[in-house]
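Descriptive structure summary
Each chain, written out:
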Amino acid sequence: MNKDSAIFVAGARGLVGSAIVRRLQASGYTNVLYPSRQELDLSDADQVKKYFEGMKPEYVFIAAAKVGGILANNTQPVEFLLENLKIQNTLIPISYECGVKKLLFLGSTCIYPKFCEQPIKESALLSGPLEPTNEAYAIAKIAGIKLCQAYKKEYGFNAICAQPTNLYGPNDNFSSTGSHVIPGLMRRIMEAKEAKLEKIACWGTGTPTREFLFVDDLADACIFLMDSYDGIDIVNVGTGDEISIADLTKLICEQVGWEGEIEWDTSKPDGTPRKVCDISKLKSLGWNPKVDLAKGIELTLSWFKEHQNSIRT
Ligand code: GFB
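Residues numbered from 1 in each chain as written. Predicted model: local features only at pLDDT ≥ 70, side-chain atom pairs only at ≥ 80, totals over all residues. Heavy atoms only, no water.

1. Some thoughts on the packing of helix α2 (residues 45-55) against helix α4 (residues 77-97)
Using the following cut-off: Lines fitted to the C-alpha atoms define the axes, with helices restricted to the stretch that makes contact. Angles between their N-to-C directions range from 0 to 180 degrees. Under the scheme used here, helices are H or I runs from DSSP no shorter than 4 residues and strands are E runs no shorter than 2 residues, and both carry numbers assigned from the N terminus. Should the near helix be turned anticlockwise from the far one by less than a right angle, the crossing is left-handed, and should it be turned clockwise, the crossing is right-handed. Any two residues whose heavy atoms approach within 4.5 Å are treated as being in contact. Amino acids are sorted into nonpolar (Ala, Val, Leu, Ile, Met, Phe, Trp, Tyr, Cys and Pro), charged (Asp, Glu, Lys and Arg) and polar (every other residue, Gly among them).
With their axes 10 Å apart at the nearest point, α2 and α4 run at an angle of 35° to one another. Where α2 crosses over α4, the two elements pack in a sense that is right-handed. Judged by residue contacts, Ala 45, Val 48, Lys 49 and Phe 52 of α2 engage Thr 90, Leu 91, Ile 94, Ser 95 and Glu 97 from α4. Looking at the contact of α2 with α4 residue by residue, the classes come out as five nonpolar, two polar and two charged.

2. Concerning the site of the ligand
Condition: For each residue, the test is whether any non-hydrogen atom lies within 4 Å of the molecule or strand; if one does, the residue is near. Think of a polar contact as two N or O atoms within 3.5 Å of one another; within protein, one of them needs to be a possible hydrogen donor and the other a possible acceptor, and neighboring residues in sequence only count if both atoms come from side chains. Here the open area of atoms and residues is found with the Shrake-Rupley method and a 1.4 Å probe, where only the protein chains shown may cover a residue.
In the neighbourhood of the ligand, 22 residues make up the surrounding shell, with Ile 70, Arg 188, Arg 210, Pro 269 and Asp 270 lying closest. Here a nitrogen atom of the ligand and a backbone polar atom of Trp 203 are 3.1 Å apart. One of the backbone nitrogen or oxygen atoms of Pro 269 is found 2.7 Å away from an oxygen atom of the ligand. Relative to its unbound accessible surface of 700 Å², the ligand loses 97% to contact with the protein. Elements that contribute at least two residues to the shell around the ligand include exactly α3 (70-75), α6 (181-194) and β7 (199-203). Here the element with the most residues in the shell around the ligand is α6; it accounts for three residues. By residue class, the composition of the shell around the ligand is ten nonpolar, eight polar and four charged.

3. A look at the side chain of Asn 73
Mapped onto the elements, Asn 73 comes out in helix α3. If sequence neighbours within four positions are ignored, Asn 73 has contacts with Gly 68, Phe 80, Thr 133, Asn 134 and Tyr 137.

4. Observations concerning the packing of aromatic side chains
Our working definition: Working definition: rings of Phe, Tyr and Trp (its six-membered ring) pair if their centres are within 6.5 Å, and the pair is stacked with planes under 30 degrees apart, edge-to-face with planes over 60 apart, and tilted otherwise. Each residue gets one of three labels from its accessible area relative to the maximum for its type: buried under 20%, exposed over 50%, partly exposed in between, using a 1.4 Å probe on protein chains only.
Evaluation of the coordinates by the stated rule reveals twelve aromatic pairs. On the basis of an interplanar angle of 10° and a centroid distance of 4.4 Å, the ring pair of Phe 174 and Phe 304 is categorised as stacked. Linking Phe 174 in the loop between β6 (166-168) and α6 with Phe 304 in helix α10 (residues 293-307), this pair joins segments that are 130 residues apart in sequence. The exposure class of Phe 304 is buried, given its relative accessible area of 1%. Grouped by ring-pair contacts, the aromatic residues Tyr 96, Tyr 151, Tyr 155 and Phe 157 constitute a single cluster.

5. Some words on empty space enclosed by the protein
A water-sized probe rolled over the atoms picks out the places where empty space is left. The condition is simple: The rule is simple: put a 1 Å grid over the protein atoms alone, call a set of points where a 1.4 Å probe fits but cannot get out a cavity, call an open set with protein on both sides within 12 Å along at least five of seven lines a pocket, and count a residue as lining if it has an atom within 4 Å of a point. Grid points are joined across faces, edges and corners, and a volume is the space filled by probe spheres set on the points.
The tally for this structure, following the rule as stated, stands at two cavities of 30 Å³ or more. By volume, the largest cavity amounts to about 70 Å³. Around the largest cavity, the lining residues are Thr 109, Cys 110, Tyr 112, Pro 113, Lys 114, Gln 118, Ile 120, Glu 131, Asn 134, Thr 272, Arg 274 and Lys 275. Tallied by class, the residues present in the lining of the largest cavity amount to four nonpolar, four polar and four charged. Considering only enclosed or pocket space, the second largest cavity measures out at about 40 Å³ in volume. For the second largest cavity, the full set of lining residues is Asn 166, Leu 167, Tyr 168, His 180, Val 181, Ile 182, Pro 183 and Phe 212.

6. Regarding the pattern of salt bridges
Spelled out, the test is: Basic side-chain nitrogens of Lys or Arg form a salt bridge, by our definition, when they fall within 4 Å of a carboxyl oxygen of Asp or Glu.
Counted according to the given criterion, the structure contains 14 salt bridges. Where Glu 242 meets Arg 274, a salt bridge forms, and the shortest distance between an N and an O atom there is 2.6 Å. Within this pair, whereas Glu 242 is found in the loop between β10 (235-237) and β11 (243-244), its partner Arg 274 is found in the loop between β12 (261-265) and α9 (280-285), the two being separated by 32 residues in sequence. The exposure class of Glu 242 is partly exposed, given its relative accessible area of 34%. Of the residues examined, Arg 274 reaches a relative accessible area of 37% and is grouped as partly exposed. Look at the salt bridges and you will find they share partners, linking Arg 23, Asp 220 and Lys 290 into a network.

7. Some words on unusual backbone geometry
Cis geometry is found at the peptide bond from Gln 118 to Pro 119, where omega equals -15°. In this fold, Pro 119 is placed in the loop between β4 (102-106) and α5 (135-155). We note that Lys 56 has phi near 50°; this positive angle belongs to a residue other than glycine. Position of Lys 56 relative to the elements: it lies in the loop between α2 and β3 (59-62). Judged by relative accessible area, which is 58%, Lys 56 ranks as exposed. Look at Asn 171: it is not a glycine, yet its phi comes out positive at around 75°. Residue classification places Asn 171 among the partly exposed residues on the basis of a relative accessible area of 25%.

Structural data, given as structure tokens:
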């Protein structure tokens, strides 16, 4: 990408898209296109086509998706499947038809089988059954990956696919039921501190492990891949480190400064028991994460405190 290339970021109001826009602008890219949902409905192919014909983007980042935590995924499979298929089935073909030079499609590590070997290598894709709580989302993302690979194979379109691990950071969704675990816990623990509660409930057993990547690191990796990777194979983006949900809860309690008791609500699902990805491929290309979990949580918490009254809760 050149500093004046026309770069389109789909999903720029969300956690990932906003981080990509921030990163591009901070790195001196001057022609970043990031229309709001009101300005451009990504599921409306006619609108998208007109927009692409007019603005002629050269590079496209697809960070637009219906996303959510374990409960939202588990209870709205129709919306997760349909909305994600619609967005990607609109953006990928139109990008090709309108002469986009290169596209990056973001998947997720939930595309991998529930019980696959850990750390998860890219080759584990489609080697076993998926985790049921996020099967709909995973199937939509797998379809997006396969569509990019098909365009590359059949038409030589330079569409690449990155698989980020669980993400967190500024601009996340902090809703009490729809969010992922870090923003969900941050909000609950902050509220417990403010209300001087002695006990709160967290979901599941606390035993599953997850790997977490600060969203600005993901944005950095996306720009790195756009500039330096043209392969057809998917690439994991993570840290390679894992933590149990119970230990994550302790870390957030410490940073918030709340010392109450955690009760584990086992009526809520645990999801996949362990999820940490093998990032040797990305490392061998020359990229490494920079923000560790404690620092990332500190940055996210301070963002949350600053925006608590105006964000999606
Ligand atoms: O972040 P999370 O919703 O995503 O949940 P997944 C991770 C773990 O944290 C689960 C536990 O074991 C939850 O039971 N947990 C504990 C909580 N307390 C909470 C809480 O207050 N809120 C939430 N959300 N979890 C998602 C997929 O799975 O990962 C998506 O459903 C996506 O499709 C995303 O791929 C990256 O890691 O379980």
